[in-house]
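Understanding the architecture of this molecule
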Amino acid sequence: MRTTRASGSLVAAIVVLSLLPSLRQAAAAGQKKRKLGFLGLRKHNQLRSLHDSPRLVWSQDLAGDAKAWADRLAGLGCRLQHDTSSGQGENLAVGHASIADAVQDWYDEIRLYDHAAGVFSPDVGHYTQVVWRSTRRLGCAFSVCRGGNQWAGQRVFVCRYDPAGNYETQFLDNVLPPSSGKFPKEGTRLPKEEEEEATGISGVSDFFGNIGNVFGNIRNAFSGRGP
């Protein structure tokens, strides 16, 4: 009886060991996507709330499109260029440590925008898309830059928006000044942002903690100490 249990446990151990690298990789990749989505959406909605713009909801379809374009840009050495055929709004950034930093950089263009005039210029297009009132859905992704230029190994971030913003004649209705009447300090990190950026890996840790428990049970069974 003990021999049969040990043989079964040995087979189970071999199977788990063979699957462990792919399980670890899949779990880590999934956690990174969830963390990026949470932080990107939260950062957008925090900044939009300063302008009484409606909260955005996350779109997996837009995130998939953003990922495809980020991968393409990464293969081009992260030379930033917009996808003009998607019909979606789009913001691009490269070299930032996090999606929150990228969104904050886009938003900081607010200081170059004249809310009273409501006129578009290339210097403010990132900011106006972030707070555009008619936009309802958001999807973001990143890829790691390849090639031998200065961006190699850095991240390129892509966010997609639906409906798209930055339409001529619609700026006065869609880009309102901060509701407080005061511009936020440039680069200001909003409440709890630091705490949230430091989290997001607990799911992976818990997963591999459970794997460790499985190995412990297998080891006990193999030595004859199991039930």
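As a starting point, this report considers the structure included with it. Please read these numbers as outputs of a predicted model, since none were measured by experiment.

Let's talk about the pairing of strand β4 (residues 155-162)
- Of all 8 residues in β4, 6 are buried, a share of seventy percent or more.
- Bridge count between strand β3 (residues 137-144) and β4: 8 bridges; the pairing is antiparallel. Each residue of the ladder has a partner; that of Ala141, found in β4, is Val158.

So, unusual backbone geometry
- The residue after Asp162, namely Pro163, is reached through a cis peptide bond having omega -10°.
- Within the secondary structure, Pro163 sits in the loop between β4 and α5 (171-174).
- Backbone geometry at Asn166 places phi at a positive 65°, although glycine is not the residue there.
- With respect to the secondary-structure elements, Asn166 resides in the loop between β4 and α5.

Some remarks on the sheet that holds strand β1 (residues 57-58)
- Ordered in space as β1-β3-β4-β2, the 4 strands form an open sheet in which the pairing is mixed. Sheet topology places β1 and β2 (89-94) at the edges, where each strand pairs with a single neighbour.
- Pairing geometry for β2 and β4, over 6 bridges, is antiparallel. Looking across to β4, one finds that Asn91 is bridged to Cys159.
- Across the sheet, helix α2 (residues 60-75) is in contact with β1, β2, β3 and β4; its angle to β3 comes to roughly 30°.
- Docked against the sheet, helix α3 (residues 99-107) engages β2, β3 and β4, running at close to 65° with respect to β4.

Cut-offs used in this document
- Residues numbered from 1 in each chain as written.
- Predicted model: local features only at pLDDT ≥ 70, side-chain atom pairs only at ≥ 80, totals over all residues.
- Heavy atoms only, no water.
- Buried < 20%, exposed > 50% of the residue type's maximum accessible area, 1.4 Å probe, protein only.
- Helix = DSSP H or I, 4+ residues; strand = E, 2+ residues; numbered from the N terminus.
- Pairing = 2+ DSSP bridges.
- Contact = heavy atoms within 4.5 Å.
- Axes fitted to C-alpha atoms, helices over the stretch in contact; angles between N-to-C directions.

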